[in-house]
Amino acid sequence: MAARGSRGGILDAAHEAGGFRGAHAVVLGAGMAGLVAARVLTEHFERVTIVDRDHLPASPEPRTSVPQGRHVHVLLGAGLDVLSGMFPGIVEEMTEDGALLRDFGEQLTWYHSGVWKVQFASGIPLVQCSRAFLEHHVRQRVRALRNVEILDETTASGLRLSADGARVTGVHVERPGSGSGELPAELVVDASGRGSRAPQWLEAAGHARPPESKVEIDIAYVSRIYRPPERDRRRPLFLVIYPRPPEQKRAGFLCSVEGGLWYVSLSGYLREHPPLDDAGYVAFSRALARPELHELIKDAEPLTVPAVYRFPADRRRHFERMHRHLEGFLVLGDAACVFNPIFGQGMSVACLGASALARCLREQARGDVRGLARCFQRELASVTDLPWRLATTEDLLFPEAQGERPFWFGAMRWYNRKLEEMSAYDTEIYGRWLLVLHLMRGLGICFAPSAMRAVLGHSVRHALMSAADRARSANEPLHRSDPATRARLTPYFARIAGDQTGATRAPRPRAGETRA
């Protein structure tokens, strides 16, 4: 195992390949997006300072400025791949400290669009832990880097600009008891989350605000931590009950995490929100599309009061479409794009954004930030396009959701529904879809000729099925635990399936690159 805080991994290539070199960079925000961005910047700057308004705990505790921190989280395959390369050995460290490492396809029990997904050995690692636990381990790794300083309980109040207003030269900060001050920097990265003031700061600097895309869904999450009943304490679980739009609006998630506890999140679209009282919360779970989650929590012991997180809309700020960029100022993470948390994309897209930053810095001229903002925001847009399309296409299945539906929406909705039906029994089609959901491959693999022939064949057979046959896939998941399936699907599966235990290992990073 790599030593805690050690350098190494895929970002060491920055030293060999040249690229930008600078004296000081500032990152606004110490969440996942800020931490992985800072890790990239350490390869290109003598000093990196992270600024966060919160007190950052020394142990895995939820933070007040991360309102969704008490809810069920997941790191998708592409995000885990990047994170493992940035911090070699971090998955092993987390599992030693209590996280669960499992196989996404085989051990996630997922009811979606009226059917249970077939369970099979996919080779996609699933790390089960709380958001606070994951963030703590990443933060400890970043703290240990020799050229990083973290200033908590510090607020960034504005940007410091060059005389002509074309370039950022630092940030203005405020600390309780210390008053205001300045942090000079050649580069400022805004990873401050949903509350980012980047649009206002750009406007104050004489730049236009970025255009926005939005899908209004008015969803709320209410989460609690439970101690499982004795009968379930030795059985790790990850259970997901999705609604079937448009008639169903409720979803439920139960995830075993470190310490043998359950994180439970209930959510409801379009004002059908979970209640906050004990009886109402359990009753809400009874009205999910399936009864399994309710049966698990009705006898479990709640350890926390319900924590609520309201999410009004998917929102994407298109910094890549700005005609003129403020040099030395980059925006990523939730400050650039906020996804409906039901799809578990946020942390993984943050990791992919950091990967895009690494690529741009490797290609940037030494000591010159001109053009970096344009390069990065375009690269970020390219890695955001797929998760944005996946999330908003699903959300727009509800007629009441407010947002632009593209001309191909009807055809995509039909095709997606058929893929979802096939995921109840076809490991190859479901495996392809998992690669897309995990942001490891583009949508094209689900539209390959062989996939389209399979979907059309299914559509004909499904139309001829009896109602009883159709109902079978809704009763319980089918298990097809076939390790050879991984190698058959993609080179990625083959890479992590080098032996029969590959499904329980973290992805092995490719030398010399950050893979998006």
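Everything quoted here is computed from the prediction, not taken from an experiment. (Residues numbered from 1 in each chain as written. Predicted model: local features only at pLDDT ≥ 70, side-chain atom pairs only at ≥ 80, totals over all residues. Heavy atoms only, no water.)

J.: How do you make sense of the overall build of the protein chain when you look at a structure like this?
T.: When helices and strands are counted, the protein chain shows 17 helices and 19 strands. Within the span of the protein chain, comprising 516 residues, buried residues form 59% of the whole. Within the protein chain, counting contacts between residues at least 6 apart in sequence, those at least 24 apart form 72% of the total. About 20,400 Å² of surface is accessible on the protein chain, with carbon and sulfur atoms providing 50% of the total. (Helix = DSSP H or I, 4+ residues; strand = E, 2+ residues; numbered from the N terminus. Buried < 20%, exposed > 50% of the residue type's maximum accessible area, 1.4 Å probe, protein only. Contact = heavy atoms within 4.5 Å. Areas by Shrake-Rupley, 256 points an atom, 1.4 Å probe, with all protein chains shown as cover.)

J.: Would you explain the sheet that holds strand β9 (residues 168–175) in this entry?
T.: Two strands in a sheet stick together by hydrogen bonds in their backbones, pointing the same way (parallel) or opposite ways (antiparallel). Spatially, 3 strands are ordered β8-β9-β10 in an open sheet, and the strand pairing comes out antiparallel. The open sheet is flanked by β8 (155–161) and β10 (179–184), the only strands paired with a single partner. Across this sheet, the average inter-strand angle for adjacent strands is 25°, counted without regard to direction. Examined bridge by bridge, β8 and β9 share 6 bridges and lie antiparallel to one another. For Gly158, the partnering residue across the bridge sits in β9 and is His172. (Pairing = 2+ DSSP bridges. Axes fitted to C-alpha atoms, helices over the stretch in contact; angles between N-to-C directions.)

J.: Help me out: how do you make sense of helix α11 (residues 372–395) in this one?
T.: Since the α-helix turns once every 3.6 residues, residues separated by three or four places project in the same direction. When the terminal C-alpha atoms of α11 are compared, their 33 Å separation across 24 residues agrees well with the 34 Å that a helix rising 1.5 Å per residue should span. Maximum bend of α11: about 35°, positioned at Thr384, with proline Pro387 one to four residues after it. Counting buried positions along α11 gives 17 out of 24 residues, so the element sits mostly inside the fold. (Expected span 1.5 Å × (residues − 1). Bend = angle between axes of the 7 residues up to and from the residue.)

J.: Any chance you could explain the sheet that holds strand β11 (residues 187–190) here in plain terms?
T.: The 5 strands lie next to each other as β7-β2-β1-β11-β18, forming an open sheet whose pairing is parallel. Looking along the sheet, the strands with just one partner apiece sit at the ends: β7 (148–151) and β18 (329–331). In this sheet, adjacent strand axes meet at a mean angle of 20° when their direction is disregarded. Lying over the sheet, helix α2 (residues 32–41) contacts β1 (22–28), β2 (45–51) and β11, oriented at roughly 170° with respect to β2.

J.: Help me understand the layout of surface pockets, please; the structure alone is not making it clear to me.
T.: One way to see where empty space is left: roll a probe the size of a water molecule over the atoms. Considering only enclosed or pocket space, the second largest pocket measures out at about 450 Å³ in volume. Taken together, 18 residues line the second largest pocket, and the ones lying closest to its centre are Ser213, Trp388, Thr392, Glu404 and Pro406. Elements represented by at least two residues in the lining of the second largest pocket include exactly β12 (212–227) and α11. With 7 residues, α11 is the single largest residue contributor to the lining of the second largest pocket. Looking at the lining of the second largest pocket residue by residue, the class counts come to 7 nonpolar, 4 polar and 7 charged. (1 Å grid on protein atoms, 1.4 Å probe; cavity = no way out; pocket = protein on both sides within 12 Å on 5 of 7 lines; lining within 4 Å. Points joined across faces, edges and corners; volume = space filled by probe spheres on them. Nonpolar A, V, L, I, M, F, W, Y, C, P; charged D, E, K, R; others polar.)

J.: Before we go on, may I ask you to explain the environment of Arg316 in this structure?
T.: With respect to the helices and strands, Arg316 occurs in strand β17 (residues 307–317). Counting along the chain gives 18 residues from Arg316 to Asp334, while the straight-line C-alpha distance between them is 8.7 Å. Each residue touching Arg316, except ones within four places of it in the same chain, is listed here: Pro211, Glu212, Ser213, Ala336, Cys337, Ala381, Thr384, Asp385 and Trp388. Looking at Arg316, its side chain comes within polar contact range of the main-chain oxygen of Ala381, at 3.1 Å. (Polar contact = N/O pair within 3.5 Å; in protein donor to acceptor, adjacent residues only side chain to side chain.)

J.: What am I meant to see in the confidence of the model for the protein chain here?
T.: When pLDDT is low, close inspection of the predicted coordinates is not appropriate. Residue-level pLDDT values for the protein chain average 88, and 88% of them are 70 or greater. The low-confidence segment residues 1–17 (pLDDT under 50) makes 48 contacts with residues lying over four places distant or belonging to another chain. Considering only residues more than four positions removed or in separate chains, one finds that residues 489–516, a stretch of pLDDT under 50, has 80 contacts. (pLDDT = per-residue confidence, 0-100.)

J.: I would appreciate a short explanation of the pattern of salt bridges in the present structure.
T.: For side chains of opposite charge, pairing can occur when their charged atoms come near one another. Taken as a whole and assessed by the stated rule, the structure comprises 29 salt bridges. For the salt bridge of Glu182 with Arg160, the shortest nitrogen-to-oxygen distance reads 3.7 Å. Remark: Arg160 occurs in strand β8 and Glu182 occurs in strand β10; sequence separation between them is 22 residues. A salt bridge links Glu421 to Lys418, with the shortest nitrogen-to-oxygen separation between them at 3.5 Å. Pair noted here: Glu421 and Lys418 are both in helix α12 (residues 409–422), with a separation of 3 residues, about one helical turn. The class for Glu421 is buried, based on a relative accessible area of 11%. (Salt bridge = Lys/Arg side-chain N within 4 Å of Asp/Glu carboxyl O.)

J.: Looking at this structure, I do not really get the side chain of His24. What am I missing?
T.: The topology assignment puts His24 in strand β1. Among the polar contacts made by the side chain of His24, one reaches the side chain of Arg47 at a distance of 3.5 Å. Polar contacts involving the side chain of His24 include one to the side chain of Thr49, which spans 2.8 Å. Look past the residues within four positions of His24 in its chain and what remains in contact with it is Phe45, Arg47, Val48, Thr49, Pro184, Ala185, Glu186 and Leu187.

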